[in-house]
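If you want the building blocks of each chain, they are given just below.
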Protein chains: 4
Amino acid sequence: MAGNTIGSVFRVTTWGESHGPAVGAVIDGCPPGLPLGEEDIQGDLDRRRPGRGRFATTRREGDRVEILSGVFEGKTTGTPIALLIRNADADPAPYEELREVFRPGHGDFTYWMKYSHRDHRGGGRASGRETAARVAAGAVARKVIGRAGMVVRAFTVAVGGVGITRFREEEARGNDLACPDAEAFAAMAKVLADCRREGDTVGGVCEIRVTGCPPGLGEPVFEKLDAALAGALMGIGTVKAVEIGAGFAAAAMRGTAANDPLVPGGFLSNNAGGVLAGISTGQEIVLRAACKPIPSVAAPQATVDVRGEPRKIRVRGRHDVCVLPRILPVCEAMVCLVLADHLLRQRAVVGG
Amino acid sequence: MAGNTIGSVFRVTTWGESHGPAVGAVIDGCPPGLPLGEEDIQGDLDRRRPGRGRFATTRREGDRVEILSGVFEGKTTGTPIALLIRNADADPAPYEELREVFRPGHGDFTYWMKYSHRDHRGGGRASGRETAARVAAGAVARKVIGRAGMVVRAFTVAVGGVGITRFREEEARGNDLACPDAEAFAAMAKVLADCRREGDTVGGVCEIRVTGCPPGLGEPVFEKLDAALAGALMGIGTVKAVEIGAGFAAAAMRGTAANDPLVPGGFLSNNAGGVLAGISTGQEIVLRAACKPIPSVAAPQATVDVRGEPRKIRVRGRHDVCVLPRILPVCEAMVCLVLADHLLRQRAVVGG
Amino acid sequence: MAGNTIGSVFRVTTWGESHGPAVGAVIDGCPPGLPLGEEDIQGDLDRRRPGRGRFATTRREGDRVEILSGVFEGKTTGTPIALLIRNADADPAPYEELREVFRPGHGDFTYWMKYSHRDHRGGGRASGRETAARVAAGAVARKVIGRAGMVVRAFTVAVGGVGITRFREEEARGNDLACPDAEAFAAMAKVLADCRREGDTVGGVCEIRVTGCPPGLGEPVFEKLDAALAGALMGIGTVKAVEIGAGFAAAAMRGTAANDPLVPGGFLSNNAGGVLAGISTGQEIVLRAACKPIPSVAAPQATVDVRGEPRKIRVRGRHDVCVLPRILPVCEAMVCLVLADHLLRQRAVVGG
Amino acid sequence: MAGNTIGSVFRVTTWGESHGPAVGAVIDGCPPGLPLGEEDIQGDLDRRRPGRGRFATTRREGDRVEILSGVFEGKTTGTPIALLIRNADADPAPYEELREVFRPGHGDFTYWMKYSHRDHRGGGRASGRETAARVAAGAVARKVIGRAGMVVRAFTVAVGGVGITRFREEEARGNDLACPDAEAFAAMAKVLADCRREGDTVGGVCEIRVTGCPPGLGEPVFEKLDAALAGALMGIGTVKAVEIGAGFAAAAMRGTAANDPLVPGGFLSNNAGGVLAGISTGQEIVLRAACKPIPSVAAPQATVDVRGEPRKIRVRGRHDVCVLPRILPVCEAMVCLVLADHLLRQRAVVGG
């Protein structure tokens, strides 16, 4: 079975190609009575939209969301919520030469191997464009978990090899990358400027933090909360690694140091990252997702075509230098979707 | 809904607690006509079993698997395969003092917060004992994907802070950790010996490699192959981070370096780790899972009890020093389960 | 979890309310490479549309389907197929008086009890309007199973108490009810004319026949083919009973008469209706669905309002006299959806 | 994907063959804290067991259920509940001649066509034996819905052509068929005695009634409560038709007669059978399931073997004359499973 649906109780199905008429999502299982309007969604879509900030492409995506069902007189009805975002300003002409050639680092080759018939224009379904639908659905999920007190925020914590050395949330509000370390941001900005000048791209790391998550969310044994979150983040095309809490660093630790001692009212540390045995502890949830560089680089690259013949290609058009910061609302959306689903799942089994 | 099932077409449901009468699994969706006997499963179970090797606990688990259904005259019938592993040698007495006290780093606290009623003996469902059922089911999955030419192997690539500096598969066969770097193994062995002497534990990193995976497996967009693999590995209690291919290193790379160029017959590099846009490329799949230290340490630890009162506990009994190498067959099993499912899913949609 | 999705491998999610902007469906899991255009769908939609035939309402639904994704250059791509049908000519004014009053026989009361907030206009999600999306998706399923040789056709076999006494498929083509007994049709037409004159409505029975179904479809034990078909048909709002093959008559038979003897090349009878032990036999599949009368009658009826106070209502507007024949393409669609799903499921498990 | 699981939140997977070592079920999603012991299950199993009553086979099934997990100190823990029932007294020898011959009316032919490899002994997975696992799981579901006030009871309302003419629940307690009409029972008993003497079998009709169901259960649009119940009942091998409320009779009614008028405190009639627009009304739920005759008759029958050659067979061994009354607890179990699932699903979406 195909994989365009996420969630068990709060279920989201997305659809749409980069250069088709539209992208969209259907949300099934949203509780009734939730106040919801298009304005609740538009803000997150705007953060994802290209053409914002210094490091972005200049393609304009007219991302206006329409709610087509499931909301009546300003409140959800419990029936499916259909979200529609028309595609605009999508010129397929530059892609004509890619009809039979596979761009390195893109899904062109694998879609061809899987389906034998593909929409090559702008990556089709594999385009980052598809994430607009996730962000729209994620905004609804954000409202669901917001009622339970949860807040989800993503930050840029590394670009290229430059990482943060401190985390000050207020500093993240002062820069285009939502980087919580103003000094590191300056160095990151230089990396990005260098890349742009060289026609190259660069990777980075996103950190997602969740406050207000109640203890008890997550389903042993295969659908642990951290398993679901890791799968959701790895389901973003650009992500190549995910960690929670101490993450890779935990592999170098001793047990006496890694365990988070409990005291009345909470824990003394958070190496677990807010999830223990797959179930939320009530602490802050801390996740990091490593993003590879955008594969669309200006330099000519070796590749093959659909007949297996060697080819050289240059990817044209204006592209972002780095998925940061545009990926931040996408990461937030995926985390919101998982948390909304697990919040309702817990309610199913345990009530409340 | 609860999360004790994994897979869509090749579906596995596990059950059982550490100190209950048995653990087991039901496999639904295994193709008919596959030769299968208990001996196909026992080998993997034996690798997972404690009491083997120098770094292991001395508890003996009598892990004999019984096939109760779904196999007739040595071949699968297409009906559910029920696997049963009786628990033996499980003395609950040492756990009596843990009835109302939460061990740091264990699921005791979160299970209590989630369910309000729990089997405290040996961690109950949150025990590593549960993974025996996964390994048994994974052995069946291994046969399914083996028919398609896939081979899944796991290696120890780091223990504590000591990592490998080269990968020689033949060297992995010569040591208890399946470490592909004999020199690094010596250093790792020293770390483990130190930990044991100090009554402490230590984390490590497992690398899983898959050869023979055909291109085309994985389902866009939420159930990408790497998303499914990451979720499956993160669904192992001890795992705190997962990466594929270049992983976290990709976040520091330039696009011109990270892209894997295509040439007739394949790729020139494998930063992608065998998955592009969530679909297998046909290259080797390379995954790493970071494992935290086993939380059962000898030193007294601060914690609380079910009433929230501060307590000191010492975890008794003999425990492993490190989840490596016992976690290796568990990681392999999870990867086999995902691949078997996606192999059959691809067949559903595209045929073949 | 909510229930707006049907199917496991060929999965369809529908959305939309009677008086919202649109209704639609997303199909996930359709095989790639299938020729598909809007014209393949429009025909079934037109059969479902009101305003056709002698026994229909005069409301005009501008049922033009748009394919928004999943099709490229006239063939499916394997990605989700989004179908959109704008609602037109839907005047909510007549429904204003129903905002707080429950129409007997409609979902008004139960939606209110379930969700506490509902779109009362024209039944909202519970409206027959919702079936337009099913019919659109069913038309795609029909193409999938058509490639495997299956043909699905529905007939009117009873209206009010008048049933057919013979089955001649060619006679069904000559009348508005698709009734395979021209004499019975004349009597049915009289019943319908009487009902219309009296401002009343009447029930009927639909028979669905499937030719060309290969043996082997259906999944023991809970998702037997007949179980799936029965559930799908009973999932149509108007259906109160479903039978397969001899159906209720089988309950009065002896085993020696009910068993269908096998001979080389087939069976000597078809009391089973084409399904044995939940798996298709290769014979014709024969199903019947009993439809209740449309609840919108002209006569004043006793009911209550949202406060539980007694009320009298008269349902205004022009309504059909009987769901036959408009329900026929809906029944066909549901059967096509189930068969497409089970065809692909069989391929997943057994190949081919 | 295979179909051995039922339910979304309260999920049950069954396994096992007639002549394998055991049959069983795993329940995932049962709420924690529910008092549960083997004695809660044994009663329903005993009602299903052969060898009881005048009309039964003499094979003794030693149906003792073991709870292997998910229960601790007499209460469920929220983890999977594994139920095991060992097969006993199952002699495969009489079935040896059926290894290559298909019994008419049985699943022998279709299993062969589907899987190409089957356990022919006693029908394997297609045996009525499989329903023991359903009954065991259903007994747990019965406890879940019992806490919400629901009671599920099944009755024999027809055998052969003999049906009840009145419904007096107290009379059902006085006879082996649980027939609520003592006079009709006498006539039914005569039909059964005639059949037994003739070595023939006969069908019948079961009616299932649910009291105490709260309004609001059922999920539009595909997983309506009546759709789920119809699918569940049709998923019993012997059932060929299902109706709710007025059922087939509704197809002959006028709308003015079929609508159930609402008055303060309830409805004036129950043609709907307790479900309107797929959602429970709070009235009694009334379902009927038509059961075909047991296909194992003494008379020689025409059939074919696996090579398609014509054969004559006589089915040996002692078999029941009618699935009534043994099917009653199976029907109850299926209804309990559906209701438990929908009760928890409603809680997921709406809370409470």
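Residues numbered from 1 in each chain as written. Chains lettered and ligands numbered in written order. Predicted model: local features only at pLDDT ≥ 70, side-chain atom pairs only at ≥ 80, totals over all residues. Heavy atoms only, no water.

Draft legend 1. Quick look at the relation of the copies chain D and chain C. Of the transformation placing chain D onto chain C, the axial shift is 0.0 Å and the rotation is 180 degrees, giving an RMSD of 0.0 Å. The superposition operator between the copies reduces to a two-fold rotation axis. When C-alpha distances to the rotation axis are compared across chain D, the minimum falls at D:Gly231, with a value of 2.1 Å. The fraction of interface residues of chain D whose copies in chain C are also interface residues reaches 100%, indicating that both copies meet through the same surface. (Least-squares fit on C-alpha atoms with pLDDT ≥ 70 in both. Contact = heavy atoms within 4.5 Å.)

Draft legend 2. Region of interest: the nonpolar core. Membership of the largest hydrophobic core comes to 344 residues, with the highest contact counts inside it found for A:Phe10, B:Phe10, C:Phe10 and D:Phe10. With residues up to four places along the chain from it excluded, the contact list for B:Phe10 reads B:Ile27, B:Asp28, B:Gly29, B:Cys30, B:Val140, B:Ala141, B:Val144, B:Leu337, B:Ala340, B:Asp341 and B:Leu344. (Core = buried A, V, L, I, M, F, W, Y, C linked by side-chain atoms within 4.5 Å. Buried < 20%, exposed > 50% of the residue type's maximum accessible area, 1.4 Å probe, protein only.)

Draft legend 3. Looking closely at the relation of the copies chain C and chain B. Under the fitted operation, chain C is carried onto chain B by 0.0 Å of movement along the axis and a turn of 180 degrees, and the coordinates agree to an RMSD of 0.0 Å. Both copies share a contact surface, since 100% of the interface residues of chain C are interface residues in chain B too.

Draft legend 4. Main features of the confidence of the model for chain A. Looking at chain A, pLDDT values average 94 and 95% of them are 70 or higher. Among the scores for the predicted complex, ipTM is 0.96 and pTM is 0.97. (pLDDT = per-residue confidence, 0-100.)

Draft legend 5. Seen up close, the interface of chain C and chain B. On the chain B side, the residues contacting the 13 residues of chain C number 13 residues. Note on chain C versus chain B: buried area summed over both sides is about 880 Å², and carbon and sulfur give 63% of it. Of all residues in chain C, C:Arg347, C:Ala348 and C:Val349 bury the most surface against chain B, accounting for 52% of the area lost on that side. In this assembly, chain C and chain B are joined by zero salt bridges. Our enumeration of links across chain C and chain B arrives at five residue pairs in polar contact (both at pLDDT 80 or more). (Buried area = accessible area lost by both parts, 1.4 Å probe. Salt bridge = Lys/Arg side-chain N within 4 Å of Asp/Glu carboxyl O. Polar contact = N/O pair within 3.5 Å; in protein donor to acceptor, adjacent residues only side chain to side chain.)

Draft legend 6. Representation of the packing of helix α8 (residues 327-350) of chain A against helix α8 (residues 327-350) of chain D within the structure. Viewed as axis vectors pointing N to C, α8(A) and α8(D) meet at an angle of 140 degrees, and their least axial separation amounts to 7 Å. One way to sum up the angle between α8(A) and α8(D) is to call them oblique. In terms of crossing hand, the pair formed by α8(A) and α8(D) is right-handed. Counting all contacts with α8(A), which are made through A:Leu344, A:Arg347, A:Ala348, A:Val349 and A:Val350, the residues of α8(D) involved are D:Leu344, D:Arg347, D:Ala348, D:Val349 and D:Val350. (Axes fitted to C-alpha atoms, helices over the stretch in contact; angles between N-to-C directions. Helix = DSSP H or I, 4+ residues; strand = E, 2+ residues; numbered from the N terminus. Parallel < 35°, antiparallel > 145°, perpendicular 65-115°, else oblique. Left-handed = near helix turned anticlockwise from the far one by under 90°.)

Draft legend 7. The arrangement of the sheet that holds strand β9 (residues 162-163) of chain A in detail. Taken in spatial order, the 10 strands line up as β9(A)-β8(A)-β10(A)-β16(A)-β11(A)-β11(B)-β16(B)-β10(B)-β8(B)-β9(B) in an open sheet, and their pairing is antiparallel. A single partner strand is all that each edge strand has here, and the edge strands are β9 of chain A together with β9 (162-163) of chain B. Bridging between strand β8 (residues 151-159) of chain A and strand β10 (residues 204-211) of chain A involves eight bridges; their strand directions are antiparallel. Bridging across to β10(A), A:Ala154 finds its partner in A:Ile208. Packing against the sheet, helix α6 (residues 225-234) of chain A makes contact with β10, β11 (239-244) and β16 (285-291) of chain A together with β11 (239-244) of chain B, and its axis sits at approximately 155 degrees to β11(A). (Pairing = 2+ DSSP bridges.)

Draft legend 8. Looking closely at the interface of chain D and chain C. Residue-level contacts link 104 residues of chain D with 104 residues of chain C. Carbon and sulfur atoms supply 63% of the area that chain D and chain C bury against each other, a total of about 7800 Å² over both sides. Seen at the junction of chain D and chain C, the total is four salt bridges. The salt bridge involving C:Arg254 is made with D:Glu198; its shortest N-O contact spans 2.7 Å. Across the chain D-chain C interface, the total number found is 49 residue pairs in polar contact (both at pLDDT 80 or more). Sheet analysis places strand β11 (residues 239-244) of chain C next to strand β11 (residues 239-244) of chain D, joined by three bridges and oriented antiparallel. Paired with C:Val242 across the strands is D:Val242, a residue of β11(D).

Draft legend 9. Structural context of unusual backbone geometry. Of note, the amide linkage connecting B:Pro220 to B:Val221 takes the cis form, showing an omega dihedral of 0 degrees. Note on placement: B:Val221 falls in the loop between β10 (204-211) and α6 (225-234). Look at the link from C:Leu324 to C:Pro325: it is a cis peptide, with omega at 0 degrees. Relative to the elements of secondary structure, C:Pro325 occurs in the loop between β18 (310-313) and α8 (327-350). Look at A:Ser116: it is not a glycine, yet its phi comes out positive at around 65 degrees.

Draft legend 10. Region of the structure containing the pattern of salt bridges. All names here are of chain A. Evaluated as defined, the whole model comprises 137 salt bridges over all chains. Two residues, Arg 103 and Asp 108, come together in a salt bridge whose shortest N-O distance is 2.8 Å. Judged on exposure class, the residue Arg 103 and its partner Asp 108 are both buried. A cluster of three or more residues bridged by salt bridges with shared partners is formed by Arg 166, Arg 168, Glu 171, Asp 181 and Glu 183.

Draft legend 11. Fine view of the packing of aromatic side chains. Applying the stated rule across the entire model yields 18 aromatic pairs over all chains. Aromatic pair A:Phe248 and B:Phe248: ring centres 6.0 Å apart, planes at 85 degrees, arrangement edge-to-face. Remark: B:Phe248 occurs in the loop between β11 and α7 (255-258) and A:Phe248 occurs in the loop between β11 and α7 (255-258); the pair is interchain, linking two chains. For the pair C:Phe155 and C:Phe167, a centre-to-centre distance of 4.9 Å together with 80 degrees between the ring planes defines the contact as edge-to-face. Separated by 12 residues along the polypeptide, C:Phe155 in strand β8 (residues 151-159) and C:Phe167 in the loop between β9 (162-163) and α4 (169-172) bring together distant segments of the chain. We classify C:Phe155 as buried; its relative accessible area is 4%. What makes C:Phe167 partly exposed here is its relative accessible area of 24%. Connected via pairs of aromatic rings, a cluster forms that spans A:Phe102, A:Phe109 and B:Phe267. Taking NZ or CZ as reference, A:Arg209 lies 3.5 Å from the ring centre of A:Phe167, over its face. (Phe/Tyr/Trp six-rings, centres within 6.5 Å; stacked < 30°, edge-to-face > 60°. Lys NZ or Arg CZ within 6 Å of the ring centre and 35° of its normal.)

Draft legend 12. Representation of the pairing of strand β7 (residues 81-86) of chain B in the model. Residues and elements named next belong to chain B. Burial within β7 is extensive, with five of its six residues counted as buried. Taken together, the six bridges between strand β3 (residues 22-28) and β7 define a ladder with antiparallel strand orientation. Each residue of the ladder has a partner; that of Ala 25, found in β7, is Leu 83. In this sheet, β7 lies alongside strand β4 (residues 65-67) in antiparallel orientation, the contact comprising three bridges. Within the sheet, the bridge partner assigned to Val 65 lies in β7 and is Ile 85.

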